[in-house]
2 protein chains.
Amino acid sequence: MGSTSARIAVDAMGGDYAPDTIVAGALKAVNELPAKILLVGDPQQVEAALERHGSSSALDIVPASDIIGMHEEALSAVKRKPQSSIGVATELVKRGEADALVSAGHSGATMAASLLRLGRLPGIERPAIGGIFPTMVPGKQVLVLDVGANVDTRPRYLEQFATLGAIYSQYVLGIGNPKVGLLNIGEEAKKGNDLTIRTYELLENNPQIPFVGNAEGRDVLSGDFDVVVCDGFVGNVLLKFAEAVGNTVLQIFQQELSQVDSRVDMELLKPTLSRIRQRIDYVEHGGGLLLGVNGVCVISHGSSQAASIQSAIRLANEAVEREILKKLHDRYRGDNELTEDAV
Amino acid sequence: MGSTSARIAVDAMGGDYAPDTIVAGALKAVNELPAKILLVGDPQQVEAALERHGSSSALDIVPASDIIGMHEEALSAVKRKPQSSIGVATELVKRGEADALVSAGHSGATMAASLLRLGRLPGIERPAIGGIFPTMVPGKQVLVLDVGANVDTRPRYLEQFATLGAIYSQYVLGIGNPKVGLLNIGEEAKKGNDLTIRTYELLENNPQIPFVGNAEGRDVLSGDFDVVVCDGFVGNVLLKFAEAVGNTVLQIFQQELSQVDSRVDMELLKPTLSRIRQRIDYVEHGGGLLLGVNGVCVISHGSSQAASIQSAIRLANEAVEREILKKLHDRYRGDNELTEDAV
């Protein structure tokens, strides 16, 4: 990127609370980042949302007259509605008018639009959605992929995910020597289902992948792994389960704290409780990266709040700033080696 | 069972902290339950543990001269070591000298021994391990199966798991009209991988199964489902992940509370914190039921503490008291209907 700031196309109409939370999140993002944001959607609705939430010279509106609903069939909707907010946002990236795309709308449609318009990276047969989970080591994250782009995956796709994840972890998340694990139900090479047993062999024999072994369910959040690869079915179940557990725990918290001894001064507890909430709350960490397409694309939750949109935009901005696409292209041309510390 | 108390064979040598935690857990169990417990293992070691932890007339020792290690190949170890603690405990159930079996040892070996000696229930091709998870509704649990007995499952196996789970939920967990869900990555019938799409059809068309639809990762703990069926790979990842999340949250808790404002009187907070811990701590809920074999068999974690062993024994006792095996046999003879409230 050099010295110019990233231009990020944000689907202003996608998500359960669009355009309000999207616009509010974009405003938060431009306050902390040097990025330019293109809000793609119905100009009237986006302007009305801007009036409610504030404005910034770093925000522009790009009109899109259509919307893809959450229950439409992804591929046909993308083809039928070129003027949808997702379609227009992707087109901006394709034409080089934006460097990245963020959408909290129909994730299947975002993926289909990206595949159709941006294409795949060389060497990648299927793109994967990477989810970033907090670990029990403060400040340390783990990239889990795939969290929902593919089901009934093949071993060589998982091998490709491992490569994508390792490069992403190194160049965007800043991990010097990323450790890649394979999500499995035991530690040993021969444990697992047909997919994982065959994938283990591929990963073990690929010198380009810093594979350290199987990661069991209990290891995902341990901080021992930087990247965990899995079939999109398992990853999606895990992602949604993790979010729900976070919420469940926060509810238990609230229920029990509402009955706390009346002599406890809750004011004094507030900073501690808010730190605990922040560390547990998975919503803050929302936003998955669509890895393997020839463009930077961040898929946010449909239920995203402004803070999630802000963090999704932050993620997109980092991927652009750190030239992840160039790194991925170089890698497939053999120009860089994963173990060199480029961060 | 009528008026006689359940006789439960407990593998005293299985588990990371055996025989101490096993013996301690058995002692706790006989203090709260009318059950008789047969501690199966090396008499000298079990007696030494009893000397450390106490004694009870409801405990007997049954000698077993061998142990199956955690890293042995399950089936061959079971065949090679008929005098292992798992082997002897299973044999007691086969001969009618015990009504149930509890082991925190090698779960594959426990399963293999149960299959070899006790056989399968009619109509069941594969047994499943059922894991019981707490939900966000206080006091409500959800039975997830399979959590690890099978991988690369077929649709009709999942259908059989659904039947087993529903009967178990109704007769042992006391749910009047159990709601059965299929773990999946979307709500719609056509969502998912090949396995879940085909299983959905079977479940929907089986009038004996109270199937209410797909359960996404976020729904597992919602309390909306009483039984959730899934392939053993996914279930095992989920179970181990859930346990780790519980531990992670408790660690975050401890870290943050150690830095709380010194003016807060921690003594007053203690009852609240211990209630929160109890609700979050998955360890308390440890113990999976091996469903589908012709006998009552509870598989506990290798890392089980005394409280987990106690709760595993409690589970076995309830399954015996409520005559789960008779209910399962009746069901497959068509003598009972799932919707009658038998509890």
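Residue indices follow the written sequence of each chain, beginning from 1 at its first position. For naming, the first written chain is A and the first written ligand is 1, with later ones following in the order written. Local features are withheld for residues below a pLDDT of 70 in this predicted model, meaning they are given only at 70 or higher, and side-chain atom pairs are given and counted only at 80 or more; totals for whole chains, interfaces and linings count all residues. The side-chain numbers reported here are obtained from all heavy atoms of the structure, hydrogens and water having been left aside.

Draft legend 1. Focus on the pattern of salt bridges. Salt bridge, as used here, is a side-chain nitrogen of Lys or Arg placed within 4 Å of a carboxyl oxygen of Asp or Glu. Counted by the stated rule, this structure contains 34 salt bridges over all chains. For R117 of chain A, the salt bridge is made with E91 of chain A, and the minimal N-O distance between the two is 2.9 Å. Taken as a pair, R117 of chain A in helix α5 (residues 107-118) and E91 of chain A in helix α4 (residues 85-94) lie far apart in primary sequence, 26 residues in all. Of the charged contacts, one joins R198 of chain B and D194 of chain B as a salt bridge, the two residues approaching to 3.0 Å between their closest N and O atoms. Pair noted here: R198 of chain B and D194 of chain B are both in helix α7 (residues 194-204), with a separation of 4 residues, about one helical turn. You can call R198 of chain B partly exposed: its relative accessible area is 43%. Among the ionic contacts, a cluster of salt bridges with common partners joins E91, R95, E97 and R117 of chain A. Strands here mean DSSP runs of E at least two residues long; helices mean DSSP runs of H or I at least four residues long; both are numbered from the N terminus. We call a residue buried when its accessible area falls under 20% of the maximum for its residue type, exposed when it is over 50%, and partly exposed in between, using a 1.4 Å probe and counting protein chains only.

Draft legend 2. The packing of aromatic side chains, seen in detail. The pairing test for Phe, Tyr and Trp rings, Trp by its six-membered ring, is centres within 6.5 Å, and the orientation test on the planes gives stacked under 30 degrees, edge-to-face over 60, and tilted for anything in between. This model, assessed by the stated rule, comprises 5 aromatic pairs over all chains. Pairing F241 of chain A with F133 of chain B gives two aromatic rings, centres 6.4 Å apart and planes at 90°, and the pair type is edge-to-face. Remark: F133 of chain B occurs in strand β5 (residues 128-134) and F241 of chain A occurs in helix α8 (residues 232-257); the pair is interchain, linking two chains. Relative to F211 of chain B, the ring of Y200 of chain B lies with its centre 5.1 Å away and its plane at 80°, an arrangement referred to as edge-to-face. Highlighted residues: Y200 of chain B in helix α7 and F211 of chain B in strand β8 (residues 211-215), separated in sequence by 11 residues.

Draft legend 3. Fine view of the interface of chain B and chain A. The contact definition used throughout considers only heavy atoms, calling two residues in contact when any of these lie within 4.5 Å. At the junction of the two partners, chain B supplies 49 residues and chain A supplies 49 residues. Put simply, buried area is how much 1.4 Å-probe accessible surface two parts lose in total, over both of them, once they are put together. For the pairing of chain B and chain A, the buried interface totals around 4900 Å² over both sides, and the portion due to carbon and sulfur atoms is 71%. Of all residues in chain B, F233, F241 and L268 of chain B bury the most surface against chain A, accounting for 15% of the area lost on that side. Joining chain B to chain A, the criterion identifies 4 salt bridges. A salt bridge links E256 of chain A to R275 of chain B, with the shortest nitrogen-to-oxygen separation between them at 2.6 Å. Counting of polar contacts relies on pairs of N or O atoms within 3.5 Å, with two restrictions inside protein: one atom must be capable of donating a hydrogen and the other of accepting it, and residues adjacent in sequence are counted only when both atoms are side-chain atoms. Taken together, chain B and chain A are joined by 10 residue pairs in polar contact (both at pLDDT 80 or more). Going through the elements one at a time, α7, α8 (232-257) and α9 (266-280) of chain B are the ones with two or more residues in the side of chain B that touches chain A. Ranked by residue count, the leading element in the side of chain B that touches chain A is α8 of chain B, at 18 residues.

Draft legend 4. Fine view of the relation of the copies chain B and chain A. The atoms used to superpose the copies are C-alpha atoms, taken from residues with pLDDT of at least 70 in both, and the fit is least squares. By a simple turn and slide, chain B fits onto chain A: the slide is 0.0 Å along the axis, the RMSD is 0.1 Å, and the turn is 180°. Overall, the copies show the geometry of a two-fold rotation axis. In terms of C-alpha distance to the rotation axis, chain B has V234 of chain B as its closest residue, with the C-alpha 3.0 Å off the axis. Most of the interface of chain B is mirrored in chain A: 100% of its interface residues are interface residues there too.

Draft legend 5. Quick look at the side chain of Q310 of chain A. If you trace the backbone, Q310 of chain A turns up in helix α10 (residues 306-321). Discounting residues that sit within four places of it in the chain, Q310 of chain A has contacts with G25, K28, A29 and E32 of chain A.

Draft legend 6. Examining the sheet that holds strand β11 (residues 296-299) of chain A more closely. Residue and element names in this part refer to chain A. DSSP-based pairing: two strands are paired if at least 2 bridges between them are found. Reading across the sheet, the 11 strands line up as β3-β2-β1-β4-β11-β10-β5-β6-β9-β7-β8 and stay open at both edges, with mixed pairing between neighbours. Looking at strand neighbours, the two that pair on one side only are β3 (59-63) and β8 (211-215), the edges of this open sheet. The sheet shows a mean angle of 25° between the axes of neighbouring strands, taken without regard to direction. The pairing of strand β4 (residues 100-103) with β11 spans 4 bridges and is classified as parallel. Considered in β11, the bridge of V102 is made with V298. Orientation is described by lines fitted to C-alpha atoms, with helices fitted over the stretch in contact, and by angles between N-to-C directions that extend from 0 to 180 degrees. Docked against the sheet, α4 engages β1 (7-11), β2 (36-41), β3 and β4, running at close to 145° with respect to β2.

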